[in-house]
Structures are given as C-alpha cells and as structure tokens.
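# What the coordinates show
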Amino acid sequence: KNSGLTNIQRNTKIQDSSKFRLSYSDLDLHNDLESVTEPEYPVVTEMKECLRSGGAEGVLMSGSGPTVFGVFKERVGTWRAARKLKQEHPGWKIWAVKSLRRSPF
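Residues numbered from 1 in each chain as written. Predicted model: local features only at pLDDT ≥ 70, side-chain atom pairs only at ≥ 80, totals over all residues. Heavy atoms only, no water.

## Thoughts on the pairing of strand 3 (residues 58–61)
Definition in use: Relative accessibility decides the category of a residue: with a 1.4 Å probe and only protein chains considered, values under 20% of the type maximum give buried, values over 50% give exposed, and everything between is partly exposed. Numbering of helices and strands runs from the N terminus, with a helix taken as a DSSP run of H or I at least four residues long and a strand as a DSSP run of E at least two residues long. Here, any two strands with at least 2 DSSP bridges between them count as paired.
Of the two faces of strand 3, the one carrying Gly 58 and Leu 60 and the one carrying Val 59 and Met 61 are both buried. When strand 3 meets strand 4 (residues 68–71), the two strands line up antiparallel, connected through 4 bridges. Note on strand 4: the bridge partner recorded for Val 59 is Gly 70. Hairpin connection between strand 3 and strand 4: a loop of 6 residues separates the two successive antiparallel strands, and Gly 63 in this loop has a positive phi of roughly 60°.

Here it is, written out as structure tokens:
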C-alpha cells in the first residue's frame, strides 16, 4: 500500500553514519499538489523551468506552494543559477542554501 509519503531510504544513501548524502541518481521528487496548482498559477511552472535550465538536478514545488526549489549537485552551479534568477526575475525571492551534511537524527 502506498501511503503517498516519500521513502527516504529509497531516495537517499547514507554513505557514513555521520554523513547524510543525497544520491542524485535516485532523486525522485514528487508533489501531488503540483497538478492542481500549476494550471492556476503558471508562475510555478515557470520557476521550475528556470531552475532546470539553470542546471538543477531536480525541481519541486514545496508543499502547497508558492515555494519552488531546485537541487544542485555542485555548489558553484547553485550560486550561478541564483545570480541569474535574481537578475532575470527581480520580483522573485531567491535563496541559495546549503543542504544538511549530517543527519539531524
């Protein structure tokens, strides 16, 4: 039975007991609400496309929106995409952040 929740063990690999690392080959991002939100708010689709064209390995709307995020493999790509998006879309709020390096659990 599928509960609709993401199986974190299937989508991530713990390479070391103290390190939390994302395996990009297993990246499976999904949000059921996107199919409802995107037709009403096409800017969500535009944001996702901008992140993809900026080099994101995966993109997703967070929760019920309006936040959209991209996952980048390289830090330099993250910063480059953030600078470009800030220039092209000055009305959007854009943050480049670092992911967790250690499991919070």
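Picking up where we left off.
## Some words on the pattern of salt bridges
As a reminder of what qualifies: Every case where a carboxyl oxygen of Asp or Glu lies within 4 Å of a side-chain nitrogen of Lys or Arg is listed as a salt bridge.
The tally for this structure, following the rule as stated, stands at 3 salt bridges. Residue Lys 48 pairs with Glu 38 through a salt bridge whose shortest N-O separation is 2.9 Å. Linking Lys 48 in helix 3 (residues 42–53) with Glu 38 in helix 2 (residues 34–40), this pair joins segments that are 10 residues apart in sequence. As far as burial versus exposure is concerned, Lys 48 and Glu 38 are alike and both buried. Linking Lys 84 and Glu 88 is a salt bridge whose minimum nitrogen-to-oxygen distance equals 4.0 Å. Here Glu 88 and Lys 84 lie together in helix 4 (residues 75–88), a separation of 4 residues that amounts to about one turn. Taking the relative accessible area as the measure of exposure, Lys 84 reaches 39% and is therefore partly exposed.

By themselves, these figures tell us nothing about what the structure is for.
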